[in-house]
Amino acid sequence: MLIAQLSDPHLRPEGMLYQGVATSNRMFAQALAHVHALDRRPDILLITGDLVDDGRPEAYTMVRQLLSASRIPFLVIPGNHDDRENLRAAFRDQPYLPAEGPLHWCVDNHPVRFIGLDSCAAGKHHGHVDARALAWLARTLAQDTAKPTVLMLHHPPFVSGIPYMDIYRCMETQQLEDVVRAASNIELVLCGHVHRTMLRRWAGTVVCACPSTTTEIDLQLAADATPQSHVGPRGCMLHLWDEAHGMVSHLSHIGAFEGPYGFA
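Rules of the game
- Residues numbered from 1 in each chain as written.
- Predicted model: local features only at pLDDT ≥ 70, side-chain atom pairs only at ≥ 80, totals over all residues.
- Heavy atoms only, no water.
- Helix = DSSP H or I, 4+ residues; strand = E, 2+ residues; numbered from the N terminus.
- Buried < 20%, exposed > 50% of the residue type's maximum accessible area, 1.4 Å probe, protein only.
- Contact = heavy atoms within 4.5 Å.
- Areas by Shrake-Rupley, 256 points an atom, 1.4 Å probe, with all protein chains shown as cover.
- Pairing = 2+ DSSP bridges.
- Right-handed = clockwise from strand over helix to strand, strands pointing away.
- Core = buried A, V, L, I, M, F, W, Y, C linked by side-chain atoms within 4.5 Å.
- Axes fitted to C-alpha atoms, helices over the stretch in contact; angles between N-to-C directions.
- Arc of directions from axis to C-beta.
- Lys, Arg positive; Asp, Glu negative; His and termini not counted.
- Salt bridge = Lys/Arg side-chain N within 4 Å of Asp/Glu carboxyl O.
- Polar contact = N/O pair within 3.5 Å; in protein donor to acceptor, adjacent residues only side chain to side chain.

Engineer: Just to check I follow, could you spell out the overall build of the chain for this structure?
Structural biologist: A tally of helices and strands in the chain yields six helices and 13 strands. Projected onto its principal axes, the C-alpha coordinates of the chain cover approximately 45 × 45 × 45 Å. Out of the 264 residues in the chain, the part that is buried amounts to 55%. At a minimum sequence separation of 6, the contacts of the chain that also span at least 24 residues come to 67%. Surface accessibility of the chain: about 12300 Å² in total, with carbon and sulfur atoms responsible for 53%.

Engineer: How should I be thinking about the pairing of strand S3 (residues 74-77) in this particular structure?
Structural biologist: A regular strand carries its side chains on alternate faces of the sheet. Side chains Phe74 and Val76 of S3 all project onto a buried face; the interleaved residues Leu75 and Ile77 project onto the opposite face, where all are buried too. The sheet contact formed by strand S2 (residues 44-48) and S3 spans four bridges and is parallel. Along S3, the bridge assignment pairs leucine 45 with phenylalanine 74. Between the parallel pair S2 and S3, the chain is carried across by helix H2 (residues 57-67), and the sense of this crossover is right-handed.

Engineer: Quick question: what am I supposed to make of the nonpolar core here?
Structural biologist: General note: in soluble globular proteins, nonpolar side chains tend to be found buried as a group. Counting residues in hydrophobic clusters, the biggest one holds 49 residues, and the most contacted among them are Leu45, Leu67, Phe91, Trp105 and Phe114. Take this core: its biggest share by element is six residues, from H2. When sequence neighbours within four positions are dropped, the list of residues in contact with tryptophan 105 reads Leu75, Val76, Ile77, Tyr96, Leu97, Phe114, Ile115, Gly116, Trp136 and Met152. Judged by nonpolar contacts, the second largest core, of 30 residues, contains Leu137, Leu151, Ile186 and Ile217.

Engineer: What is the right way to look at the pairing of S2 in this model?
Structural biologist: Within S2, five of the five residues are buried, leaving the element largely enclosed by the surrounding structure. Covered by surrounding structure in S2 are Ile44, Leu46 and Thr48 together with Leu45 and Ile47, the residues of both alternating faces. As paired strands, strand S1 (residues 2-6) and S2 are joined by four bridges and run parallel to one another. Looking at S2, one finds that isoleucine 3 is bridged to isoleucine 44. Taking the sense of rotation as the criterion, the β-α-β connection linking S1, helix H1 (residues 24-36) and S2 turns out right-handed.

Engineer: In this structure, what is going on with unusual backbone geometry? I would like to understand it.
Structural biologist: Most peptide bonds are trans, and most residues other than glycine sit at a negative phi. Cis geometry is adopted by the peptide bond preceding proline 260, which originates at glycine 259 and carries an omega value of 10°. In this structure, proline 260 sits in the segment after strand S13 (246-254). Residue histidine 193 is not a glycine yet carries a positive backbone phi of 75°. Residue classification places histidine 193 among the buried positions, given a relative accessible area of 6%. A positive phi angle, near 55°, is found at alanine 203, a position not held by glycine. With respect to the secondary-structure elements, alanine 203 resides in the loop between strand S8 (198-202) and strand S9 (205-209).

Engineer: Can you walk me through the sheet that holds strand S12 (residues 234-242) in this structure?
Structural biologist: Sheet strands pair by backbone hydrogen bonding; their relative direction is either parallel or antiparallel. Spatially, five strands are ordered S3-S2-S1-S12-S13 in an open sheet, and the strand pairing comes out mixed. Among the strands making up the open sheet, the edge pair consists of S3 and S13. Within the sheet, the average angular offset between the axes of one strand and its neighbour, ignoring direction, is 20°.

Engineer: For this particular structure, what's the right way to read helix H6 (residues 174-181)?
Structural biologist: Each α-helix turn comprises 3.6 residues. Residues three or four places apart therefore point the same way. Residues of H6 that are buried: Leu176, Glu177, Val179 and Val180. End-on view of H6: buried residues confined to an arc of 160°, all on one side of the axis. Where H6 is buried, its residues meet helix H4 (131-142), strand S6 (149-152), strand S7 (186-191), S8 and S9.

Engineer: Mind showing me how you'd approach the side chain of arginine 113 here?
Structural biologist: Along the chain, arginine 113 falls in strand S5 (residues 113-116). Despite its burial, arginine 113 remains without a salt bridge, the nearest opposite charge being carried by aspartate 108 at 5.0 Å. A distance of 2.8 Å separates a polar side-chain atom of arginine 113 from the backbone oxygen of aspartate 144. The contact partners of arginine 113, leaving out residues within four places of it in the chain, are Cys106, Val107, Asp108, Thr140, Leu141, Gln143, Asp144, Lys147, Pro148, Thr149, Val150 and Asn185.

As structure tokens, then:
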């Protein structure tokens, strides 16, 4: 099974730029075209939050308009820039999304089970998984302790070392770590939010953060670093599941590059 992951497109109402500089809508369309042009068509597309930049209904109209060109089934989770109710309304035709409350869900009709965990705290940019969400996750994981599982949440549950991103990470994660560690069949935990590729061993599994389809947050590790980002490089993650060999993840850059050349 081939799983494509896109994240943090920060789509805007038609004609508006992201942060006044980036054509996020066009960039997301390019990302979708890139995924569809791969030499192997992904079986599913995961979008790990911040579908839009300001939560407005008009921006979700743009999301659905762009996704209407996709021939790959998709699953979405919210990010801190999303509006939970506007997202729910825009995707009301998606049966996996709950009709009310946090946007936690489980989709179990593929070779890999997918669980979406809503890590968004109302009115905040950092992430938090409260006691009710932890209980829901524990119950859901307990329903099948053998099937390979991918857990999605927007906020990475670890310290990245980039100071201006770490203040917005998923906070108070020890109990979440305990729940995840108790489930030995979680192959991957997938995140967005940091607009960079990051990997970390955590809770007995691997956390993989996906780059944004729009901007890349700069890698700065000094404690007093000034927050900044650049338009590009952009990319997506491809996660290849095989029953015999398990899961392997690849970064796939989006854009035109020199080549191809003969392999040597």
